[in-house]
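Each chain, written out:
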Amino acid sequence: MNKTATPFDMPQGTDVAWCPGCGNHMLLQAMKSALHELGIDRNNVVIVSGIGQAAKSPQYLNANMFNGLHGRSLPAALGIKLSNRNLVVIVESGDGDMYGEGGNHFLHAIRRNFDVTVIVHNNMVYGLTKGQASPTSQRGMATPVQVNGVMLEPFNPLAVALALNVPFAARAYAGDVERTKSIIMQAITFKGFSIVDVFQPCVVFNKLNTYQWFRENTTYLPENYKPDNRGAALELLFQTEKLPLGIFYSNEKRDLYEDLINIGTTPLYQHDQPDENAFQHMIDAFL
Amino acid sequence: MNKTATPFDMPQGTDVAWCPGCGNHMLLQAMKSALHELGIDRNNVVIVSGIGQAAKSPQYLNANMFNGLHGRSLPAALGIKLSNRNLVVIVESGDGDMYGEGGNHFLHAIRRNFDVTVIVHNNMVYGLTKGQASPTSQRGMATPVQVNGVMLEPFNPLAVALALNVPFAARAYAGDVERTKSIIMQAITFKGFSIVDVFQPCVVFNKLNTYQWFRENTTYLPENYKPDNRGAALELLFQTEKLPLGIFYSNEKRDLYEDLINIGTTPLYQHDQPDENAFQHMIDAFL
Amino acid sequence: MYRDISIVFSGAAGQGVKTITTALLHVLKKCGYNIFSCTEYMSRIRGGTNTTEIRITEKKRQAYVHHIDMLFALSPHSVEHLQKRISSNTFIFAEKERFGDQWATNFIDTPLSKFALETGSLVFSNIVAAGVAFGIFGIPIEIFTDYLHEQFAAKGDEIVAKNRAAAKLGYDFGKHIAADKGIMPLVNIATESPDTLLMDGSTALGIGAIAAGCNFISSYPMSPGTGLLTFLASRTKSFGIVVDQAEDEIAAINAGLGASYAGAKAIVTTSGGGFDLMQEGVSLAGMIETPLVIHIGQRPGPATGLPTRTEQGDLNLALHSGHGDFTKAIFSPGTLEELIETMQRAFNLAQEYQIPVFILTDQYLLDSISTIHRTKVQRLPIETFIIKTAPTYQRYAFSDNGISPRGIPGYGEGIVRVDSDEHDENGLITENFGVREQMVNKRLTRQLSLRGAALLPTLIGPVNQAKRVVIAWGSNHGVLEEALDILSDNTFAGLHFSQVYPLNPIVKSLCENKTLIVMENNATGQFADLITLETGKPIAHRILKFTGEPFSVEEVVDALKEIDHE
Amino acid sequence: MYRDISIVFSGAAGQGVKTITTALLHVLKKCGYNIFSCTEYMSRIRGGTNTTEIRITEKKRQAYVHHIDMLFALSPHSVEHLQKRISSNTFIFAEKERFGDQWATNFIDTPLSKFALETGSLVFSNIVAAGVAFGIFGIPIEIFTDYLHEQFAAKGDEIVAKNRAAAKLGYDFGKHIAADKGIMPLVNIATESPDTLLMDGSTALGIGAIAAGCNFISSYPMSPGTGLLTFLASRTKSFGIVVDQAEDEIAAINAGLGASYAGAKAIVTTSGGGFDLMQEGVSLAGMIETPLVIHIGQRPGPATGLPTRTEQGDLNLALHSGHGDFTKAIFSPGTLEELIETMQRAFNLAQEYQIPVFILTDQYLLDSISTIHRTKVQRLPIETFIIKTAPTYQRYAFSDNGISPRGIPGYGEGIVRVDSDEHDENGLITENFGVREQMVNKRLTRQLSLRGAALLPTLIGPVNQAKRVVIAWGSNHGVLEEALDILSDNTFAGLHFSQVYPLNPIVKSLCENKTLIVMENNATGQFADLITLETGKPIAHRILKFTGEPFSVEEVVDALKEIDHE
Ligand SMILES: Cc1ncc(C[n+]2csc(CCOP(=O)(O)OP(=O)(O)O)c2C)c(N)n1
Ligand SMILES: Cc1ncc(C[n+]2csc(CCOP(=O)(O)OP(=O)(O)O)c2C)c(N)n1
Ligand code: SF4
Ligand code: SF4
Ligand SMILES: [Mg+2]
Ligand SMILES: [Mg+2]
């Protein structure tokens, strides 16, 4: 694992609560390198997360952090971005956090198309609560709650995102730090809602989707793949044999919510006094 | 409007709170006729709804009713169906109710594929709360909250449903009672999660999508259309000129949740005493 | 000769009750009358019965009265609906042809449609109706026609002329009826300066929010909380307010907290059912010590209840909202002045104490229209308390009063971390028991100074001498004041609380050796319980109403008289 | 010579503390010892420090003690973590090679790895450790090896033999150390019948639910509420329970209500944060008068707080949950017996009164392991109250006690309508003020008989004579009992409430002329306030703890002594 020092490293000795061997360690490395290589000022980044193992990520990354409620990272991210569009806003979330508890926000945040990058640590299981099925759990996996195995259709996050006309949709595999980093960099650079669903092995609770399983069951999109066709991207996402990795779709033509609602570049904290003339004018309309 | 008497009619003089001319009146007629023509026993039907103008429907239809919370009809319907699978369970909901407040349940109910029919009165506006944008509101519509017009990407419910592998997806237009009735009948007959998104003119708050607009902007799927291809259905649903009506997709091959989790046909109220041997056996395991 | 008159307009939704009453209120205000208007309506867009009461009073009054002096019944249903409020003294204006069987001989046939059609179209019926009212009151027609001119000038001379003609037909009819029935014109009790603003409760709240520097609202529509959202939405441009209609209430409050974390002055508005869904967010606000103002427009529950009616049933809900122990404050304004002022106070307090602050109103208060003198629009200095961070910044640095300097991301050289988990001074997750204990104390310590700073109740009458004190909160300010005035019994006095939590320690001394009577619009007496908990004093009487209607002046007077006779 | 010993095992998550303590508990139970075990762990899957205390006592005890007689420290962190609980009397068993610098000379070097490797693999370390403990206690090794045989027989003779060998190595070492350090063997205080069941709180709750006829659970995982969900999930087949893992807590409670409407006996389980999201559903339960049992496993808030720790902070939250006024009941069991019994009571009450009923537990109670005699597993008759409907059936027919006969869809000839809006007797929407008032009263009337039927508190000691009464609820039953026992001061007695709302009117008389002391695990004293509200009695002292840990016997004794000296 490429462990170059970055300004986003936490002080030495910071206790990391993840299990040894967990895919999250690699994803964290990819994140820090991506931010570093993009030359982003850490004072200007806010990492927003919910609750879960994945959602602990910003605790281990030296930048501003809003570690909110389980499932609620996207609305918080929206509030932050709309209050200060100069901030780089990144969401780190788990498959349960984002697609389970947070499903409704996932739908409607995509519809808004504000400029945010969403990294989902998709380990296909609820890690922090000890191994129940998540929306992306594969059929058949037995858990303490799904005693006879998971029976629901797995949630297909990128297909849903594309059905909602998401402008940027990618999938990565945490085991491959370099390419994951590069995908994350493109997602952060992208202006608009970008989602990266990252396959992340959970070595304790998911014995089905292991490092080996991911290696065997994924394949990168061909070099010459053009991420400009929604229908084609969807067909690839309905594929169940070799799961493709890479950027499925990227379309910067959709208007940004920030532009549409015309918020200026001045952060809200800088104009928290009402315009006095406007105020008198408003009042007088009730005379 | 074909107003044959049905066993589902409410007593004469029942006050209906909808506006004169509202598309809901026609949709109600289509519902009642559909149930009647299918020969369903009204004691065996439960209509589940949330809150909104649409969600008032079961108040005007003489059958069992669970008129629950705004946005929460699907979980209630699930609880009902899993407790007594002999009941015919139908959800009537509005576009705000189902796709806004209830969005998360929409996603995950589809994943379960339990046997329920979901009729969404899609008037592309919040009716009961006086005209704010709903998830399906078209871009540009000005409202008291969206003063500069709606700016979000409209929610594409059937595309999302198909991304989730819904087995039955249809769209109807309330102005056409006969064909709406027939689509509803097929949805009810279908074993599994069936959704019918019904365009329903709101004559008070939606001055954009009027009867005329729907007539001009919709067209039925061709007679020879085969609803067996998810990709093709999605392409049709991404179409924005003439919005197709009819059954986009129908696939009874997906397993029913009720079968998968193996609930018997005995309703739960008939076995609410634990098996005594099993109980002793369970206890003794802790000796 | 009326010195205090209650005129009620009632008809089906869509029949134009609102148009008529708006016209009336504007003109009456222009004339300098003291006016108050409240409205009750059904949860439907067309049909049903919507009713608006307009009071013209000698003294300034802000309360609903039960009796009706004049009723304009636009539909037969409305007479049925208002039966209990009609007495032999009520003049009932109605259009015979609409009533059929339901016509009663004591009704005054008022041919609104006929006059409207004479003018050119049925759409003028409402103007005719307003004309009738002015005719009866004997208010010079010019003031009304001037108003019509103002309203319709943009639509061209013909429209103006037609409106005037309709008004005139109604006016003459009104004058004629007044003479015929011996209805005396309204004496000149017009004592209000014309320099007053006419507005409803939602507007006053909105003005308060803007005066406080509010620049962010994320909310999901829900009656009666929506008014504040639409008010701010319509002012987006003038004041640079970011308005986002959320997909649900959970999104709304989390967006509000995100915004506040980033430095916005954020508010959310909802009603009880929507607020239920925000509770985890309230708990988060408490944990991350992030300011937020939460407006709950109360309506009758449980569940969907009566969506367009009034109740004061969410006090306990707000007070105990969100799991875990942390600090909150709750305001409960009862007049336009209080709405404007407490909203600003709520923002300032939220910023200063870094806590969630509630404003509890209700449908009755939000929809009631009244006047406030231009100079009574209080402006509090806007306080912000945001600091530029140093590199060593710690979001949760311990301090004596429990409050840490508030940094926001991107302003200064520090890193700002907020955490829903228990955390250390840096905002990083911790499971250290000692730090946990200190942090709980940190979050609760500020309660003390908050208590000391709590608004005192408004004293109504001789609180010191009276042996019985009637306590009200929120929208019951006006009705209590008027009832005590009518009762004019020195053994009674009143306290109105526009802050219900925490209670200032002085409240206890105010309650010392008094028979306490609490009146509120809910079924159990939630504020009564809170008074007992906070002051240790028992409540002798609870006057409760929970039909979905506000208290009327008459029933409060009766209830107090009954207590007097005990 | 120990008659009461506390042995603590502590190590990183994944190091096998659970394996060791499970083995120990099973064997000790078989020997007839009175055992109690509680556990505290970090919110992580590997690493950190997890600690389990096992008490072997002469009298039956169900409480955590602070002091440690013997500590098995599997990691250096654990010694650091437990520093405050270690005294000069604590024997510390640890493996020198793991500790490096952190080794202290008073530790007893216990070569777990070495012995394990001698046996064949490091995986046997836990068995070695258990062996050491048995050796020290002087409990015959055969009982342990028999247990190992039972556990591993299925894996073949070799595995059994290796486990035995590991056990023996540990055992001999333990005996040797005992002799060396002068540790006296455990005297035979084994007074328990072997006919007891060994289980944790979650299991007891689950047994109670099954005994009550529970056949539906829909929930979303959340510590510490998840245990009940997994328990029932693992019994799906034997008892025909429908188990659905919901997408969120809102779905969970609404599915529960749908199920209950259709006749299922439904429960949901969660913790404070998840419960916040269920509040609107609670309000719906109140409105549609549909039975539902809601289990809240409490943990420290606000927000995510300390996810794996304990607190009693959600009493007010549950009590005031859901907007609007309606009837609720809240149970708060404190022992295995009470968990099993109150769960059944909750189901019966929910069915009888058609209301939401709460069970409040906490992490400490749910994770604590103890024994219950087989015959003490109470079975209450299962009550259902469902009727077959007639064609004229009205779901909300008015009645004297406010309760209407409960029909369900598809059973009988009637139509069953439930409505979240205010409704008439048929369950159809209404906006009639009179019906509204009657319906509110209907929903509240049943509160009266519910109050009369409320469980009385358990009296601990001479409540009638004592001048001071210490009040506890929920998980503090055992600690209060033991503390009073140790104090053995006749001026003190205790009351334990396993139902906290409503309170039986008799409670008031129990509190008459007493100095009331309330102990609870939260920062403000929520039950203390409730006692005052319900009985009118002031609370003289509050003993509060909110670090995330349970009360220890020692600190309760100290707190009471301090009161005594005042
Ligand atoms: C409202 C609420 N419900 C439930 C929980 C408990 N909870 C914490 S994390 C989690 C699931 C985590 O799964 P995922 O998001 O996939 O993250 P992972 O741990 O697998 O990385 C749950 C259910 C919570 N904290 N809050
Ligand atoms: C939790 C909650 N939030 C908000 C509301 C207010 N509300 C009632 S109906 C409705 C929207 C209705 O829109 P839709 O579902 O499209 O139905 P329509 O009236 O258009 O048929 C809203 C926001 C509510 N009742 N409950
Ligand atoms: S439980 Fe799984 S996801 Fe969580 S830290 Fe361990 S390996 Fe990673
Ligand atoms: S407001 Fe619109 S949707 Fe509602 S009843 Fe009227 S026309 Fe129909
Ligand atoms: Mg996960
Ligand atoms: Mg709608």
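On a predicted model such as this, the values are computed, not experimentally measured, just so you know.

Undergrad: What am I meant to see in the overall build of chain C here?
TA: When you go through chain C residue by residue, the secondary structure sums to 20 helices and 23 strands. Compactness check: chain C gives a C-alpha radius of gyration of 26 Å against a globular reference of 24 Å for 566 residues, within 12% of the reference. Overall size of chain C, expressed as C-alpha extent along the three principal axes, is 85 × 60 × 40 Å. Taking all 566 residues of chain C together, 70% fall into the buried category. At a minimum sequence separation of 6, the contacts of chain C that also span at least 24 residues come to 74%. Distance between charge centres in chain C, computed from 48 positive and 62 negative side chains, equals 4 Å.

Undergrad: It is not clear to me how the coordination of the magnesium ion (ligand 6) should be interpreted in this structure. Could you clarify?
TA: Six octahedral donors around a metal ideally sit at 90 or 180 degrees from one another, while four tetrahedral donors ideally sit at 109.5 degrees. All names here are of chain B. Within the first shell, the magnesium ion (ligand 6) binds the protein through Asp 95 (OD), Asn 123 (OD1) and Val 125 (O), at distances of 2.0 to 2.2 Å. Look at where the donors of the magnesium ion (ligand 6) fall in the sequence and you get D-x27-N-x1-V. Highlighted residues: Asp 95 in helix H3 (residues 95-101) and Asn 123 in the loop between strand S4 (116-122) and helix H5 (157-163), separated in sequence by 28 residues. Both residues of the pair, Asp 95 and Asn 123, belong to the buried class.

Undergrad: Where do I start with helix H11 (residues 249-261) of chain D in this structure?
TA: Counting along an α-helix, one turn takes 3.6 residues, and residues three or four places apart therefore face a common direction. Residue and element names in this part refer to chain D. A rise of 1.5 Å per residue sets the reference length of H11, with its 13 residues, at 18 Å; its end C-alpha atoms lie 18 Å apart and thus fit the reference within 8%. The distance from a side-chain oxygen at the start of H11 to the backbone nitrogen of Ile 250 is 3.2 Å, and the residue carrying that oxygen is Asp 248. Downstream of H11 by one or two residues, Gly 263 has phi in the positive range, about 110°.

Undergrad: Can you help me understand the coordination of the magnesium ion (ligand 5) in this one?
TA: Taken together, Asp95(A) (OD), Asn123(A) (OD1) and Val125(A) (O) make up the protein donors of the magnesium ion (ligand 5), found 2.0 to 2.2 Å from the metal. One chain supplies every donor for the magnesium ion (ligand 5), spaced along it as D-x27-N-x1-V.

Undergrad: I would appreciate a short explanation of the site of ligand 1 in the present structure.
TA: Taken together, the neighbourhood of ligand 1 is formed by 22 residues, with Gln53(A), Asp95(A), Asp97(A), Gly127(A) and Glu249(D) sitting nearest. Of the chains in the model, those with residues near ligand 1 are chains A, C and D. With respect to ligand 1, the side chain of Asn123(A) contributes an N or O atom lying 3.0 Å from an oxygen atom. In this structure, Glu249(D) approaches ligand 1 through a side-chain N or O atom, which is 2.5 Å from a nitrogen atom. In the complex, the protein chains occlude 99% of the 590 Å² of accessible area that ligand 1 would expose alone. Split into classes, the residues belonging to the shell around ligand 1 amount to 9 nonpolar, 8 polar and 5 charged.

Undergrad: Before we go on, may I ask you to explain the interface of chain D and chain B in this structure?
TA: It is common to give the size of an interface as the accessible area that goes away when the parts come together. Each side of the interface is counted separately: chain D has 66 residues, and chain B has 49 residues. Taken together, the two surfaces of chain D and chain B that pack against each other cover about 4600 Å², and 60% of this comes from carbon and sulfur. The largest share of the area that chain D buries against chain B comes from Phe239(D), Glu247(D) and Ile415(D), three residues that together contribute 13% of it. Where chain D packs against chain B, one counts 5 salt bridges. Counting the contacts that link chain D with chain B gives 25 residue pairs in polar contact (both at pLDDT 80 or more). Among the elements that line the side of chain D that touches chain B, the one with the most residues is H11(D), at 8 residues. When its residues are assigned to classes, the side of chain D that touches chain B shows 35 nonpolar, 17 polar and 14 charged. Alignment of strand S2 (residues 64-67) of chain B against strand S17 (residues 417-419) of chain D, held across 3 bridges, turns out to be parallel. Among the inter-strand pairings, Met65(B) is bridged to a residue of S17(D), identified as Arg417(D).

Undergrad: I would appreciate a short explanation of the confidence of the model for chain C in the present structure.
TA: A low pLDDT means the predicted coordinates there should not be read in detail. For chain C, the average pLDDT comes to 95, and 99% of its residues sit at 70 or higher. Under the prediction, the complex receives an ipTM of 0.98, its pTM being 0.98.

What counts, and where the lines are drawn
- Positions within a chain are numbered from 1, following the residues in the order the chain's sequence is written.
- Chains and ligands are labelled sequentially in the order written, the chains with letters from A and the ligands with numbers from 1.
- The predicted origin of the model limits local features to residues at a pLDDT of at least 70 and limits the giving and counting of side-chain atom pairs to 80 or more, whereas totals for whole chains, interfaces and linings rest on all residues.
- Side-chain figures throughout are based on the complete set of non-hydrogen atoms in the structure, without hydrogens or water.
- Secondary structure follows DSSP: runs of H or I at least 4 residues long count as helices, runs of E at least 2 residues long count as strands, and numbering of each begins at the N terminus.
- With C-alpha atoms as the basis for the radius of gyration, the globule rule is written as 2.2 Å multiplied by the number of residues raised to the power 0.38.
- To sort residues, take the accessible area from a 1.4 Å probe on protein chains only and compare it with the maximum for the residue type: under 20% means buried, over 50% means exposed, and anything in between is partly exposed.
- Only heavy atoms enter the contact rule, under which two residues are in contact if any of them lie within 4.5 Å.
- Only four residue types enter the tally: Lys and Arg on the positive side, Asp and Glu on the negative side, with His and both chain ends excluded.
- The atom standing in for a charge is NZ when the residue is Lys, CZ when it is Arg, CG when it is Asp and CD when it is Glu.
- Listed donor atoms are N, O and S within 2.8 Å of the metal (Na, K and Ca: 3.2 Å). As water is not included, a site may look incomplete.
- Expected span, for any helix, means 1.5 Å times one less than how many residues it has.
- Here a polar contact means two N or O atoms within 3.5 Å. Within protein one must be a hydrogen donor candidate and the other an acceptor candidate, and residues neighboring in sequence count only if both atoms are side-chain atoms.
- Throughout, the term near means that a residue has one or more heavy atoms lying within 4 Å of the molecule or strand in question.
- Only the protein chains shown count as covering a residue, and every accessible area follows the Shrake-Rupley method with a 1.4 Å probe.
- Gly counts as polar in this scheme, as do all residues outside two lists: the nonpolar Ala, Val, Leu, Ile, Met, Phe, Trp, Tyr, Cys and Pro, and the charged Asp, Glu, Lys and Arg.
- Summed over both partners, the accessible surface that disappears when two parts come together, traced with a 1.4 Å probe, is what is meant by buried area.
- By salt bridge we mean one thing: a side-chain nitrogen of Lys or Arg within 4 Å of a carboxyl oxygen of Asp or Glu.
- Between any two strands, at least two bridges found by DSSP are needed for them to pair.
- Confidence of the prediction at every residue is given by pLDDT, a number between 0 and 100.

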